[in-house]
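Remarks on the overall topology
Single-letter residue listing:
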Amino acid sequence: MTERKVKISEAALDVLIGWGVDTIYGIPSGTLSSLMDALDAKQDNIQFIQVRHEETGALAASMQGKFGGSLAVCIGSGGPGATHLINGLYDASMDRIPVVAILGARPETELNLDAFQELNQNPMYENIAVYNKRVAYPEQLPKLVDEAARHAIADRGVAVLEVPSDFGFEEIAADAVYSSGSSRRQLRLADANEADIDAAVALLNQSRRSVIYAGIGTMGHGDKVVALSQKIKAPVITTGKNFETFEWDYEALLGSTYRVGWKPANEAILETDTVLFIGSNFPFAEVQGTFKNVKHFIQVDIDPAMLGKRHKADVAILGDAGQVLTRLIEKVDAREADGWWRANLANVKNWREFMNKLEQKESGPLQFYQVYHAINNHADEDAIYSIDVGNSTQTSVRHLHMTPKNMWRTSPLFATMGIALPGGIAAKRTYPDRQVWNLIGDGAFNMSYPDVATNVQYNLPVINIVFSNTEYAFIKNKYEDTNETLFGTDFMDVDYAMVAEAQGAVGYTVDRIEDIDGVIKQAVADNKKGRTVVVNCRITKERPIPVETLKLDPKFYSEEEIQAYQERYEAEDLVPFRLFLEAEGLGSKVE
Ligand SMILES: Cc1ncc(C[n+]2csc(CCOP(=O)(O)OP(=O)(O)O)c2C)c(N)n1
Ligand SMILES: [Mg+2]
């Protein structure tokens, strides 16, 4: 009997298929030659998505993980392709998303000769990779691909494998190869310590002004957070990346803190005495003094390395958010609605009225608010949102009406621009039957728009909303507060509708409030017919209200300052939280 032989590169792909891999993003190159042959042979099981830039591929891979898709793989040619992957891989690493990156390399006999395109590649990823190797000889390739996949998943990060281009052409005995994907198991977290739960309950029972700070760890447990919130009358602060966990109109949802946030959360966090901080890593906590007025800090996390990271924890609970919430709901005392609760509800109601009024304007030059209003009107109830970095991050957490049926993902920690469009490719690939919206600033679209063609080429129809203001507004707005000039923040106008049409997508341009609803409605109709759409929303240059530096309280600002602030942000009806507290007979802690 003769031994059955298989091509090593095909065997390596079979290993990945065993890990559930169904998509590989990248661009071919000489250094990826044997892998490309294998991708051709394995087309029935793995789709190669040819992107226009390797960064798009790596960002799509990262976003695929964030959207809950299968293990994502991206490839880059030895040298320039490997360096192009870097932003996506750094993004995945910071969000602890499993991604396998395969880097091409010179054939074995040409290695280490300072040959054309030859780089010492693994060290570029030393900083971030959970696994980072070069394959040493051909028969090792399937084994190391398996190692890379297993480490990416088990260690929640980026696994990098450099593969000399000729190795995959060799053959290996078919029965010498296996995928350990079928052995994939997860550690079960032990139940939370009951004494820690009791200590948390004691603090919550005695607190006068508690808030629940619900991070990404509470995703999927929004109902429990709300049940606890209602039982102990603690309003809910969430985080930029966790809005979809809650119904957008939950009456005690205060939004998120700091710049990408809401006014009520920024105010309440300075007035609360007890914070129940669940499954969150708020990276601005120390630099902004977010918790400076907090007396008691209770933290819940599944990662021991997070406990105590952002603030000293009076009670630290190691455990799953859902399980801990259930225990807390069972044990904690119920509380009647009190002044703290009512003041927060009144504050958030006032904030929502402010947002609604702007969103619902019926005529005039288009502002970003009305774009969201039209999206909210026409989006499917389970729409997926892929969000870029810039004002769109900030405005989408304020104005998109999200519920747990939606998904909302961005680059929250690495915060790289250009992530929304690759994210939309990954989202549509993962959920072909759901509606996908990419919400993108014009600066970020400039970084990513060649890949509209990728959506068209692979029949992955999405709706791109481009917020065109011909400026890097998020940075310009910051410079207004920190710099002497706004140098370098403006750029020239581009006709993004034409850019879309040139790539086989549908393009629209809109600059009036009167027209936005009709255009978005049409975009949705086109998309439902299988078209990728780009809506160039030429919006005004108004700055979204800076809720991290509110100038509304007469205790701290002159009448002129307040009036100027209110006029600029159309915020005549916004009331400082202190007044709602005082109406309940409560004092403010803010000095
Ligand atoms: C790759 C990258 N480069 C630069 C930045 C810094 N940055 C953050 S937001 C932003 C402006 C975004 O501009 P645009 O996409 O036009 O959105 P806008 O804020 O104008 O709505 C910049 C330059 C970044 N986060 N990522
Ligand atoms: Mg812009």
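All figures in this text were calculated on a predicted structure; none of them were measured in a lab.

Take the packing of aromatic side chains next. Under the criterion given, the structure shown has 19 aromatic pairs. Judged by centre distance (4.8 Å) and plane angle (45°), the ring pair of Tyr258 and Phe284 falls under tilted. With a gap of 26 residues between them, Tyr258 in the loop between β11 (253-255) and α9 (263-268) and Phe284 in the loop between β12 (274-278) and α10 (285-288) connect regions that are remote in the sequence. For Tyr258, a relative accessible area of 17% gives the class buried.

Our focus in this paragraph is the site of ligand 1. Taken together, 17 residues lie around ligand 1, and Asp442, Gly443, Ala444, Glu471 and Ala473 are the ones closest in. One nitrogen or oxygen atom from the side chain of Asn469 is found 3.2 Å from an oxygen atom belonging to ligand 1. Within the backbone of Glu471, one N or O atom sits 2.8 Å away from an oxygen atom of ligand 1. When the free accessible area of ligand 1 is taken as 590 Å², the share hidden by the protein chains comes to 80%. Each residue belonging to the shell around ligand 1 can be placed in one class, and the counts come to nine nonpolar, six polar and two charged.

On to the layout of surface pockets, then. Within this model, the second largest pocket holds a volume of roughly 780 Å³. The wall of the second largest pocket is formed by 32 residues, among which Leu270, Val547, Glu548, Thr549 and Leu550 lie closest to the centre. When contributions to the lining of the second largest pocket are tallied by element, the ones reaching two or more residues are α9, α18 (473-482) and α22 (577-583). A per-element tally of the lining of the second largest pocket places α18 first, with three residues. By residue class, the composition of the lining of the second largest pocket is eleven nonpolar, nine polar and twelve charged.

Okay, the pairing of strand β20 (residues 533-538) next. Of all six residues that make up β20, five are buried, and the element is covered over most of its length. Pairing of strand β19 (residues 506-510) with β20, which is carried by five bridges, proceeds in the parallel orientation. Bridge pairing in β20 links Thr509 to Asn536. At this point the chain moves from β19, through helix α20 (residues 513-528), to the parallel β20, and the crossover so formed is right-handed.

When the UniProt feature table is mapped onto this chain, "domain: Thiamine pyrophosphate enzyme central" (unreviewed entry) is found at residues 197-328. The distance separating the terminal C-alpha atoms of residues 197-328 is 7 Å; by composition the span is 30% helix and 20% strand.

Once that is clear, we can look at helix α1 (residues 8-18). One turn of the α-helix equals 3.6 residues, which is why residues spaced by three or four share an orientation. Looking at α1, one finds that the buried residues are Ile8, Ser9, Ala11, Ala12, Leu13, Val15 and Leu16. In the stretch just after α1, Gly20 is the one whose phi turns positive, near 90°.

Once that is clear, we can look at the sheet that holds strand β16 (residues 407-409). Read from one edge to the other, the open sheet built from six strands follows the order β16-β15-β17-β18-β20-β19, with strand pairing classed as parallel. Every other strand in the sheet has two partners, leaving β16 and β19 as the edge strands with one partner each. On average, adjacent strands in this sheet sit at an angle of 15° to one another, irrespective of strand direction. Alignment of strand β18 (residues 463-468) against β20, held across six bridges, turns out to be parallel. What sits directly across from Val466, in β20, is Asn536. Against the sheet, helix α13 (residues 368-378) makes contact with β15 (384-387), β17 (436-441), β18 and β20, and its axis sits at roughly 165° relative to β18, the strand it touches most. Where helix α14 (residues 391-399) meets the sheet, its contacts fall on β15, β16, β17 and β18, and the angle it forms with β17 comes to roughly 130°.

Turning next to the coordination of the magnesium ion (ligand 2). Protein coordination at the magnesium ion (ligand 2) comes from Asp442 (OD), Asn469 (OD1) and Glu471 (O), with a distance range of 2.1 to 2.2 Å. Taken in sequence order, the residues that donate to the magnesium ion (ligand 2) follow the motif D-x26-N-x1-E. Residue Asp442 is found in helix α16 (residues 442-448), and its partner Asn469 is found in the loop between β18 and α18; the two are separated by 27 residues along the sequence. By the burial criterion, Asp442 is buried, and Asn469 matches it.

Rules behind the numbers
- Residues numbered from 1 in each chain as written.
- Chains lettered and ligands numbered in written order.
- Predicted model: local features only at pLDDT ≥ 70, side-chain atom pairs only at ≥ 80, totals over all residues.
- Heavy atoms only, no water.
- Phe/Tyr/Trp six-rings, centres within 6.5 Å; stacked < 30°, edge-to-face > 60°.
- Helix = DSSP H or I, 4+ residues; strand = E, 2+ residues; numbered from the N terminus.
- Buried < 20%, exposed > 50% of the residue type's maximum accessible area, 1.4 Å probe, protein only.
- Near = heavy atom within 4 Å.
- Polar contact = N/O pair within 3.5 Å; in protein donor to acceptor, adjacent residues only side chain to side chain.
- Areas by Shrake-Rupley, 256 points an atom, 1.4 Å probe, with all protein chains shown as cover.
- Nonpolar A, V, L, I, M, F, W, Y, C, P; charged D, E, K, R; others polar.
- 1 Å grid on protein atoms, 1.4 Å probe; cavity = no way out; pocket = protein on both sides within 12 Å on 5 of 7 lines; lining within 4 Å.
- Points joined across faces, edges and corners; volume = space filled by probe spheres on them.
- Pairing = 2+ DSSP bridges.
- Right-handed = clockwise from strand over helix to strand, strands pointing away.
- UniProt positions renumbered as here; feature names shortened; annotations may be inferred.
- Axes fitted to C-alpha atoms, helices over the stretch in contact; angles between N-to-C directions.
- Contact = heavy atoms within 4.5 Å.
- Donors = N, O, S within 2.8 Å, 3.2 Å for Na, K, Ca; no water.

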